[in-house]
Amino acid sequence: MTGRMAGKVALITGGGSGIGRAAAQQFAREGAKVAVLDLRAQAATETADIINSAGGTAIAVTANVAVASEVEAAVAEVVSRLGAVTALYNNAGVDSAGNVEVTEERDWDRCFDVNAKGTYLMSKAVIPHMRAAGGGSIVNQGSVAAMVAVPNFAAYCAAKGAVVALTRSMAIDCAPMGIRVNAICPGTVFTPLMEPMLRARGDGDLEAGLAKTVAKYPIGRLGAPEDIAAVALFLSSEEACFLTGSTVAADGGMTAQ
Ligand code: 1HS
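Residues numbered from 1 in each chain as written. Predicted model: local features only at pLDDT ≥ 70, side-chain atom pairs only at ≥ 80, totals over all residues. Heavy atoms only, no water.

- The name an unreviewed UniProt entry assigns to the protein is Ketoreductase domain-containing protein, from the organism Mycolicibacterium chubuense.
- You can read under Sequence similarities (unreviewed entry) in the UniProt record for the protein the words "Belongs to the short-chain dehydrogenases/reductases (SDR) family." (UniProt positions renumbered as here; feature names shortened; annotations may be inferred.)

Right, here's the structure in full:
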């Protein structure tokens, strides 16, 4: 199938690597013009270059999603270069380590700033353009950690829970504007974000940490970035026109147990 995103302008945060890069490529392949936003300019540029070399249309923009002025400037740049954003994928995220007792305040704040506040700030900046364009789709990155407890991941569990609750809130507020808002709750995907957690779980041994983690997944493997990107693509396309306020588990059965 091709052209599922024809005529759309997609903005993907955390597009410089992992799930965000896979999503940027899939959205572009389906005809979207893609803005790849990342904190790391070089990573964003690399993703945009990959897409442009393959015949797609992409631009790179740099911003910290947790800083309002940077978000506003980045969205203004995207709108002036590509047009109104009609598909926003709030994918950028950071993790945390530790239970409540050992979590440092600055790590708690960073986790909420990027995961929860970043989703709020990006959506706040994009919604006026989306509404003026007649509607669109917002996909927020939740996590299985919003649905079940993950040991020693307190701030992350809480921040992702906030993202899922915010998704429902935005969905009902944005429905009259023709904007659908859904969340994906991925299970662990082997990306740079997850490597420290996996290593710690294996007491420093990445392979051991991976094996322990895979054992939690009935499907017998961790996710690939492309697995999650495909769900984001579906939710952003017209095929999902009756979905809003939904939380889609993309977790190989992890939360079905
Ligand atoms: C990707 C993600 O948000 C992971 S939370 C950790 C879940 S698990 O792999 O330890 O079961």
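Picking up after the structure, the text goes on.
## Regarding the UniProt feature "domain: Ketoreductase" (unreviewed entry) in the protein
Argument step 1. The UniProt record marks residues 8-187 with the feature "domain: Ketoreductase" (unreviewed entry), using the residue numbering of this structure.
Argument step 2. Between the first and last C-alpha atoms of residues 8-187 the distance is 28 Å; the span itself is 49% helix and 19% strand. (Helix = DSSP H or I, 4+ residues; strand = E, 2+ residues; numbered from the N terminus.)

## Some points on the site of the ligand
Argument step 1. Around the ligand there are 14 residues in total, and Ser143, Tyr156, Thr188, Arg201 and Tyr217 lie nearest to it.
Argument step 2. Within the side chain of threonine 188, one N or O atom sits 2.5 Å away from an oxygen atom of the ligand.
Argument step 3. Side-chain polar atom of tyrosine 217 to an oxygen atom of the ligand: 2.8 Å apart, as the coordinates give it. (Near = heavy atom within 4 Å. Polar contact = N/O pair within 3.5 Å; in protein donor to acceptor, adjacent residues only side chain to side chain.)

## Regarding the pairing of strand 1 (residues 9-13)
Argument step 1. The element strand 1 is extensively covered by neighbouring structure, given that five of its five residues are classed as buried.
Argument step 2. Across the two faces of strand 1 the burial is the same, with Val9, Leu11 and Thr13 and Ala10 and Ile12 all buried.
Argument step 3. Note that strand 1 and strand 2 (residues 33-38) share five bridges and pair parallel. The residue bridging leucine 11 from the neighbouring strand is alanine 35, located in strand 2.
Argument step 4. Both strand 1 and strand 4 (residues 87-90) contribute to a ladder of three bridges, which runs parallel. Each bridged residue has a counterpart across the sheet, and for alanine 10 the counterpart in strand 4 is alanine 87. (Buried < 20%, exposed > 50% of the residue type's maximum accessible area, 1.4 Å probe, protein only. Pairing = 2+ DSSP bridges.)

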